[in-house]
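Take a look at the letters that make up each chain.
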Amino acid sequence: MLGVFLWLAYREVERTVLQVAGDRAQTSADQISNLFAGQSAERFRAMVRAASDESIRAFAQDPTTGDRAAAERALAALRTSVELWSADGELLLSVTPVGGLAAGVDRVAPKGWATEIVRADNRLFTQTVVEVTAGRGIAPAVSARPLAYLVTRWLLTLTPPDLFERLMGTGTVLLGARSGGAWTNFKDLVQPPNVDVSQLRGVMEDWAADGSRRIGALSDVSGSPWTIWVGYPRAAILQPAREFLRRATIAALIFVALALILSRLVTRRITSRLINLSRAAAAMAAGDYSQRVAIRRRDEIGQLGQDFNTMAAHVAAAQDDLEAQITERKQAVEALMESERAYRSTFDEAPVGIAHTSLDGRLLRVNGRLSALLEYAPSELLAVELAMLIHADELGEDSEGRRQVLAGTIEQFAREGRLRTRTGTFVWVAMFVSLYRDSAGNPAYFITIITDISERRRLEIQLRQAHKMEAVGRLAGGVAHDFNNLLTAILGFSFMLLEDLAADDPNRSAIVEIQRAGESAATLTKQLLAFGRQQILHLEVLDLNAVVRHIDALLQRVIGEDIDLVLRLAAGVDPISADAGQIEQVIMNLVINARDAMPTGGMLTIETANVDLDRAHVARHPAAREGRHVMLAITDTGVGMPSEVQAQIFEPFFTTKKRGEGTGLGLATVYGIVKQSGGWIWVYSEIGQGTTFKVYFPLTSAPSRLQLPAEPAHPLGGHETVLIAEDQAEVRLVASTALRRMGYGVLEASSGEEALAVVQGHAGAIDLLLTDVVMPAMNGRELAEAVKSLRPGIRVLYASGYTDHAIVRHGILDAGVAFIQKPFTPSTLNTKVREILDAAL
């Protein structure tokens, strides 16, 4: 029974050891085939690149006209033995660098992948064949007739050289072809393994040339006709088990002999030790390689236990090594997969567009952001040439930038331009282009980062337009100031001439026409001042709905019967602080503009509402301000305006009407009044659909209102003394003449310094200082302060053609300041002077 038990234990151990050895052989075969495949693939890729070289193609197509030297240089770059054969079997070129093809290797016409292994000069060689075609090189191929073949014969080696010893130990590694032919152990030609090599994988046994049995496994070398055989001598694998059986048999015989003479106690002790050994063997057979038996005595059973422990240690070490290799391989695969996931997530989820383009302009890869930006599905976008996406005006700039990057003149370039979307529209983008090179340093493809800058471009255009309007406004104000000085003289003298002429004087009609022309010019300068935000505003707390209703009837008459006027005035709109007359002018000008846009009739809608402008709205409209506003909207159903007209409608003197039908100042006046009132205006229009103007006014922060002076109840004229300080002689003459006619004493000065000298030198009283606001050296406010220090009771009346900051802040007069706007008439001046002199101090 004991012998049977030992034999069964041995068979179980033998099965386990053979299984572990087979798994190790398969793992080793897979590792070696992967390494060999990697090295072979690199050689194969180099051959494919060479077969695609234009110089080799040209020489293969016509050796008489091709550049032989260029083709030889391209072949020499492979750094191995290589030949170029014609399709008819004629050797065209042969390149054998130092250390290359051995003299003993026969040159034969290529017939696809070679399966023979040739020994020469104590080295082993084989060959690889790649077709040279009129298109791209593809190997191996046996379809259409090629131009020629590239044949390389390369040394059978494996890197590193000590790989076999580290992986195999006592094992054997063979390389051969599945289709038959010679086999090699990478040192010499050998007999192929006595197995079915058509079986790509699996553990199997064979007989070596010396008659010994081997445990081995096959593994296909990916992308080649080769297969790897790894085998271990069966005898070496089973040596520990056989030694275990031999010693176990000896121990069994000794045990039987001793059993006859030893006591039952001794028998029991021996039996217990063998039972422990048997249990350990059974546990090991079940996969517990950590099992060991305790060695209590140095006898045969103890030696048997020691042998068992030694065998178990070897088996456990082999298992640990196998598990370590499997773990390392799993970790490498997981790291590769994680790297790929990181790349894909960065490429696909990037907030900017990314494109990889070939050197000839084909899109190779695009991410989702670029596809969405250009309104294509990714697969559709890959079918579009890059040149079809770039605006025609920018193709030259883009091509030149890529040419310089490809030439190495610059590392990358950036530009802003337009890309065509799927619908044919263009989107503004910023592009950053760089070049990716492969491991050999050769240009592979362009990397382009694309950012949507449409919103930024729109904001820049709005900002430039705002700056332009500001500059034009300042210019308009300055021009209006100079014109107002001239118009003061024209209107003043024309009024005084009319007073002096008899009703039937033949010159009276000419003077009336001069006066009318002056008044028209004054209206024009008033509009320029409105656009330039340099009017004097008489602020009061207004209900915008009440202002609209106040001029409702007038608006009906202005627009005519063929246009329907619709009022949609929201209840409870918040009050605003503005000049009622100016707001009425804004509404009137916008209504007239809408009327002119509906020559055949239509509908005109006036709306009011409380609105809250949030941060997003302000981001889209830089002129707006965040917070609560009152909105006035005027919408027509007219012809609409193109975008280029919308960009200029608020500019002074811009008009789409025929010559003589408009001054081009209506909407410019609206723009200036709205801006000076602290609001902003926005227009939206579509051709054939109509136009909407939206005006936003900020809410008033104080309920105070500015009261306009009432008409005086006393007669004009007086006997007080008035000092006139005005640097414009014609204006000074008009004012002095008008006041003297009304009985006033008049003192004149052409500058602030001269006015101070007059005050100091005049012995009598001076009741009023009439001073221009803007004068060289000393302005009107500075003069008034200096005069008041000399004559504390003197009154001051300021005059100006526009709103200088000396007495006006944002179009609002400083408290207690008296002001008369140029151009003024003699009657207007007399009324204002009398009003100030009669007012209580």
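Position labels on residues start from 1 in each chain and follow its written sequence. The predicted nature of this model means local features are confined to residues of pLDDT at least 70 and side-chain atom pairs, given and counted, to a pLDDT of 80 or more, with totals for whole chains, interfaces and linings taken over all residues. Only hydrogens and water are set aside when side-chain values are computed; all heavy atoms of the structure are taken into account.

Overview of the overall build of the chain
In this description a helix means any DSSP run of H or I spanning at least four residues, a strand means any run of E spanning at least two, and both kinds are numbered starting from the N terminus. When helices and strands are counted, the chain shows 23 helices and 30 strands. Residues counted as buried form 44% of the 841 residues belonging to the chain. A total of about 42,500 Å² of accessible surface is found on the chain, and carbon and sulfur atoms cover 55% of it. Per-residue accessibility, obtained with a 1.4 Å probe over protein chains only, is compared with the maximum for each type, and a residue is labelled buried under 20%, exposed over 50%, and partly exposed between these values. We get accessible surface area from the Shrake-Rupley algorithm with a probe of 1.4 Å; when it comes to residues, only the shown protein chains can shield them.

A short note on the packing of helix H21 (residues 752-761) against helix H22 (residues 780-790)
At their nearest, the axes of H21 and H22 sit 10 Å apart, and the two run at 10° to each other. By the criterion of interaxial angle, the relationship of H21 to H22 is roughly parallel. Contact residues: Gly752, Ala755, Leu756, Val759 and Gln760 in H21; Leu783, Ala786, Val787 and Leu790 in H22. Under this grouping Gly is polar, as are all residues other than the nonpolar Ala, Val, Leu, Ile, Met, Phe, Trp, Tyr, Cys and Pro and the charged Asp, Glu, Lys and Arg. Residues that form the contact of H21 with H22 fall into these classes: seven nonpolar, two polar and no charged. Interaxial angle, 0 to 180 degrees, is taken between N-to-C directions of lines fitted to C-alpha atoms, where a helix line uses only the stretch in contact. Roughly parallel refers to an angle under 35 degrees, roughly antiparallel to one over 145, roughly perpendicular to one between 65 and 115, and oblique to any angle outside these ranges. The contact criterion used throughout is that any non-hydrogen atoms of two residues lie within 4.5 Å.

Quick word on the pairing of strand E2 (residues 91-95)
Side-chain direction in a regular strand flips from residue to residue, so the side chains alternate between the two faces of the sheet. In this sheet, E2 lies alongside strand E1 (residues 81-86) in antiparallel orientation, the contact comprising four bridges. Bridging from a neighbouring strand, leucine 84 pairs with leucine 93 of E2. Here E1 folds back onto E2, and the loop between the two strands holds four residues, one of which, glycine 89, carries a positive phi near 90°. If DSSP finds at least two bridges between two strands, the strands pair.

Comments concerning the sheet that holds strand E14 (residues 412-420)
Taken in spatial order, the five strands make up an open sheet running E13-E12-E16-E15-E14, and their pairing is antiparallel. Edge strands, defined here as strands with exactly one partner in the open sheet, are strand E13 (363-366) and E14. Shown here is a sheet whose adjacent strand axes are inclined to one another by a mean of 30°, direction ignored. Of the pairings in the sheet, the one linking strand E12 (residues 353-357) to E13 comprises three bridges and is antiparallel in character. When the bridges of E13 are listed, alanine 355 appears paired with valine 366. Here helix H11 (residues 395-407) sits on the sheet in contact with E12, E14, strand E15 (426-437) and strand E16 (443-452), set at roughly 15° to E15.

What to know about the nonpolar core
We call a set of buried residues a nonpolar core when its members are Ala, Val, Leu, Ile, Met, Phe, Trp, Tyr or Cys and they connect through side-chain atoms within 4.5 Å of each other. Counting 41 residues, the largest nonpolar core has Ile587, Leu604, Ile606 and Phe693 as the members making the most contacts within it. The greatest single-element share of this core, amounting to eight residues, is contributed by helix H16 (residues 580-596). Counting residues in each nonpolar core, the second largest holds 40 residues, with Trp226, Ile228, Ile301 and Ala312 among its members.

Section: the confidence of the model for the chain
Per-residue confidence from the predictor is given as pLDDT, running between 0 and 100. Scored by pLDDT, the chain has a mean of 76; 75% of the residues are at 70 or more. When pLDDT is averaged over each element of the chain, strand E24 (residues 721-725) comes out on top at 92 and strand E29 (residues 812-813) at the bottom at 44. With pLDDT under 50 throughout, residues 98-109 is counted as low confidence; its partners more than four residues away or in other chains account for 31 contacts. Contacts from residues 704-715, a stretch scored under 50 in pLDDT, to residues over four places away or in other chains number 15 contacts.

Quick word on the pattern of salt bridges
Any Lys or Arg side-chain nitrogen found within 4 Å of a carboxyl oxygen on Asp or Glu counts as a salt bridge. Under the counting rule described, the total for this entry stands at 17 salt bridges. As a salt-bridge pair, glutamate 54 and arginine 57 come within 3.0 Å of each other at their nearest N and O atoms. Pair noted here: glutamate 54 and arginine 57 are both in helix H2 (residues 54-61), with a separation of three residues, about one helical turn. According to the relative accessible area criterion, arginine 57 is buried, its value standing at 10%. Between glutamate 748 and arginine 732 there is a salt bridge, with its nearest N and O atoms 3.6 Å apart. With glutamate 748 in strand E25 (residues 745-749) and arginine 732 in helix H20 (residues 729-741), this residue pair connects regions lying 16 residues apart in the sequence. Look at the salt bridges and you will find they share partners, linking Glu394, Asp398, Arg402, Arg415 and Arg418 into a network.

Description of the sheet that holds strand E20 (residues 602-613)
In spatial order, the strands read E18-E20-E21-E23-E22; together these five strands make up an open sheet with mixed pairing. Because the sheet does not close on itself, it has two edges, and the strands there are strand E18 (563-569) and strand E22 (680-686). Pairs of neighbouring strands in the sheet enclose a mean axial angle of 15°, with direction left out of account. Relative to E20, E18 runs parallel, the two sharing seven bridges. Paired with valine 566 across the bridge in E20 is threonine 605.

A short note on H11
To estimate the expected span of a helix, subtract one from its residue number and multiply by 1.5 Å. Given a rise of 1.5 Å per residue, 13 residues ought to cover 18 Å, and the 18 Å separating the end C-alpha atoms of H11 matches this to within 8%. Listing the buried residues of H11 in full gives Asp398, Gly401, Arg402 and Val405. Here the buried residues of H11 occupy an arc of 95° about the axis, which is enough to place them on one side. The outward face of H11, more than 90 degrees from its buried face, is lined by the exposed residues Gly396 and Ala407. Close packing links the buried residues of H11 with E12, helix H10 (386-389), E14, E15 and E16. Once H11 finishes, glycine 408 follows within two positions and takes phi at roughly 85°, a positive value. This arc corresponds to the set of directions leading from the helix axis out to the C-beta atoms.

Regarding the pairing of strand E23 (residues 690-698)
Summarising burial for E23: seven of the nine residues are buried, a large majority. Sheet topology note: the E22/E23 ladder contains seven bridges and is antiparallel. Within E23, the position partnered with serine 685 by the bridge is threonine 691. Joining the antiparallel neighbours E22 and E23 is a turn of three residues, in which glycine 688 adopts a positive phi near 80°.

Some points on the packing of aromatic side chains
Here the aromatic set is Phe, Tyr and Trp, taking the six-membered ring for Trp, and pairing holds for ring centres within 6.5 Å; pairs whose planes are under 30 degrees apart are stacked, those over 60 apart are edge-to-face, and all others are tilted. Summed over all chains, the structure comprises three aromatic pairs. Relative to tyrosine 445, the ring of tyrosine 436 lies with its centre 4.9 Å away and its plane at 25°, an arrangement referred to as stacked. By relative accessible area, which is 38% here, tyrosine 436 ends up partly exposed. Both rings, one in tryptophan 680 and one in tyrosine 696, keep their centres 5.0 Å apart while their planes meet at 10°; by these two values the pair is stacked. Of the two residues, tryptophan 680 is situated in strand E22 and tyrosine 696 in strand E23; the sequence distance between them amounts to 16 residues. Since its relative accessible area comes to 5%, tryptophan 680 is described here as buried. Throughout this description, the term charge over a ring refers to an Arg CZ or Lys NZ atom that lies within 6 Å of the ring centre and within 35 degrees of the ring normal. Just above the ring of tyrosine 445 sits the side chain of arginine 365; from NZ or CZ to the centre is 4.9 Å. Here the basic side chain of arginine 402 rests over the ring of phenylalanine 446, its NZ or CZ set 5.2 Å away from the ring centre.

A look at H16
Over its 17 residues, H16 extends 24 Å from the first C-alpha to the last, a length consistent with the 24 Å expected when each residue adds 1.5 Å. Taken together, the buried positions of H16 are occupied by Ala580, Gln582, Ile583, Val586, Ile587, Met588, Asn589, Leu590, Val591 and Ala594.

Thoughts on the packing of helix H15 (residues 552-559) against H16
Contact pair H15 / H16: the axes reach a minimum separation of 10 Å and the direction vectors enclose 25°. The pairing of H15 with H16 is recorded here as roughly parallel in orientation. As for how H15 packs across H16, the hand of that crossing is right-handed. Contacts between H15 and H16 involve Leu554, Leu555, Val558 and Ile559 on the former and, on the latter, Ile587, Met588, Val591, Ile592 and Arg595. For the contact of H15 with H16, a count of residues per class yields eight nonpolar, no polar and one charged. If you view the pair so one helix is near and one far, a crossing is left-handed when the near helix is turned anticlockwise from the far one by less than a right angle, and right-handed when it is turned clockwise.

Digging into the environment of glutamate 380
Structurally, glutamate 380 can be placed in helix H9 (residues 378-382). In this structure glutamate 380 comes out as partly exposed when scored by relative accessible area, which is 32%. As a C-alpha pair, glutamate 380 and arginine 422 span 42 residues in sequence and 9.5 Å in three-dimensional space.

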